[in-house]
Amino acid sequence: MMLTTIGLMSGTSLDGVDVALIETDGKRIQAFGPSGYRPYTERERGVLRQALAEAVDLPERDARPGVLAEAERIVTLAHAEAVSSFRAQNRIACEDIDIVGFHGQTVLHRPDRGLTVQIGDAAALAKAIHIPVMYDFRAADVAAGGQGAPFVPVYHRALAQSLQREGPIVVVNIGGVSNISYIDGNDALIACDTGPGNALLDDFMSRVTGQRFDGEGRMAAEGVADAAWVARALELEFFACPPPKSLDRNDFGRLDLGEMAPADGAATLTAFTAAAIARIVPLLPKTPKSWIVAGGGARNHTMIRMLRERLQPASVEAADSLGWSSDAMEAQAFGFLAARGMKGLPLSYPATTGVPMPMTGGMIVRP
């Protein structure tokens, strides 16, 4: 039975809430619906950044000390506003939606400590939007010994199967962190985080220029990447580890560019993201033939150019060029995952998160 779901995503880049409607049975995608976006305000983003900093010391996943309580209220309200605005703009009735997939905002991801924390009050959200909500997708995986990330690969596989092209295909999502889904036919599905996505670059741009990101990679295009710095950064133990593996947004926050001109700093951090993605190739079963880039990084022309240079002769193309939506893909994925969760289908696998066996997940709360 096909379900009509709304997926919600607020990523580690802290830009805002993505909303997307999808029709699916949790295995196939029958249709893409409209998508929407509700940006965080500068004040909201400031509170969330403070929450990320304070969450480092969280002792347990349900604790909300200090600014985290305010951050959770902000996240919940922003998601409620995003759904209400989306429904109004697209004239969608509450009763036409079977389930909403609510990821929440990750503030801490430490699977080595059995801890992954996504803030957002699902019960309050369900009450506000008058639709059942599935949430807490990652907890069961982490509790069973998995990495709890990445969780989008099963959706990437559904998308890739519609292409009918020879594999292996890799879908790489460049958000705050970069992650890949390696797809080779119906069976092989391998996934992991590969390293920094946009987080280091966005933080650098904010600190040095006051801009939230390097639009289209224009600043990086004017600079020269420090190849020696990138090579040293790639010596970190994480990059030699085989998949599955995952990261917290701030895992590379201590890397210091030193005295570097803004354009050179942007070029170096962009090159680092591209090099970290390419570094996964020797750790995969076969060399991928094509790469499909989604997430905010897909709009960074300098990032795409650097990826093409490092991944040749494989093809590298933006998800939008295939009729997929780079912006809405992760939101669509959580609508898809909500449908799978409702049917008890696996959300994660040994080769995607390291969980001992295929695991379903998510909890449902009703209005």
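A brief structural summary. (Residues numbered from 1 in each chain as written. Predicted model: local features only at pLDDT ≥ 70, side-chain atom pairs only at ≥ 80, totals over all residues. Heavy atoms only, no water.)

**Concerning the packing of helix α2 (residues 67-90) against helix α3 (residues 122-129)**
Part 1 of the argument: Orientation of α2 relative to α3, taken along the N-to-C sense of each, is 30°, at an axis distance of 9 Å. Classified by the interaxial angle, the pair formed by α2 and α3 is roughly parallel. Crossing of α2 over α3 shows right-handed handedness. Residues T76, H79, A80 and V83 of α2 pack against A124, L125, A128 and I129 of α3. (Axes fitted to C-alpha atoms, helices over the stretch in contact; angles between N-to-C directions. Helix = DSSP H or I, 4+ residues; strand = E, 2+ residues; numbered from the N terminus. Parallel < 35°, antiparallel > 145°, perpendicular 65-115°, else oblique. Left-handed = near helix turned anticlockwise from the far one by under 90°. Contact = heavy atoms within 4.5 Å.)

**Things to note about the sheet that holds strand β7 (residues 169-174)**
Paired through backbone hydrogen bonds, the strands of a sheet run either parallel or antiparallel to each other.
Part 1 of the argument: With mixed pairing, the five strands of this open sheet are ordered in space as β9-β8-β7-β10-β11. Edge positions in the open sheet fall to β9 (188-196) and β11 (315-318), since each of these has one partner strand only. Averaged over neighbouring strand pairs, the angle between their axes works out to 20° when direction is ignored.
Part 2 of the argument: Looking at chain direction, β7 and strand β8 (residues 177-184) are connected through six bridges and run antiparallel. Its bridge partner lying in β8, V172 is registered against I180. (Pairing = 2+ DSSP bridges.)

**Topic: the packing of aromatic side chains**
Part 1 of the argument: Following the criterion strictly, the structure yields eight aromatic pairs and no others.
Part 2 of the argument: With a centroid separation of 6.2 Å and an interplanar angle of 75°, the aromatic rings of F238 and F252 are classed as edge-to-face. Taken as a pair, F238 in the loop between α8 (227-233) and α9 (262-278) and F252 in the loop between α8 and α9 lie far apart in primary sequence, 14 residues in all. Each member of the pair F238 and F252 is classed as buried.
Part 3 of the argument: Residues F239 and F252 carry aromatic rings whose centres are separated by 5.5 Å and whose planes lie at 20° to one another, so their mutual orientation is stacked. Remark: F252 occurs in the loop between α8 and α9 and F239 occurs in the loop between α8 and α9; sequence separation between them is 13 residues.
Part 4 of the argument: Under the relative-accessibility criterion, F239 is labelled buried at 1%.
Part 5 of the argument: Residue F252 is classed as buried on the basis of its relative accessible area of 7%.
Part 6 of the argument: Geometry around F238 places K245 over its ring, the cationic atom sitting 4.4 Å from the centre. (Phe/Tyr/Trp six-rings, centres within 6.5 Å; stacked < 30°, edge-to-face > 60°. Buried < 20%, exposed > 50% of the residue type's maximum accessible area, 1.4 Å probe, protein only. Lys NZ or Arg CZ within 6 Å of the ring centre and 35° of its normal.)

**Structural notes on helix α11 (residues 329-342)**
Part 1 of the argument: When the terminal C-alpha atoms of α11 are compared, their 20 Å separation across 14 residues agrees well with the 20 Å that a helix rising 1.5 Å per residue should span.
Part 2 of the argument: By the criterion of burial, α11 is predominantly enclosed, with twelve of the 14 residues buried.
Part 3 of the argument: Positive phi appears at G344, one or two residues downstream of α11, with a value of about 70°. (Expected span 1.5 Å × (residues − 1).)

**Topic: α3**
Part 1 of the argument: Residues of α3 that are buried include every one of A122, L125, A126 and I129, and no others. Relative to the axis of α3, the buried residues are bounded by an arc of 100° and lie together on one face.
Part 2 of the argument: Packed against the buried residues of α3 are β1 (3-10), α2, β4 (99-110), β6 (133-135) and β12 (363-365).
Part 3 of the argument: The N-cap of α3, judged by a side-chain oxygen 3.2 Å from the amide nitrogen of A123 a few residues on, is D121.
Part 4 of the argument: A positive phi of about 65° marks H130, the residue just after α3. (Arc of directions from axis to C-beta. Polar contact = N/O pair within 3.5 Å; in protein donor to acceptor, adjacent residues only side chain to side chain.)

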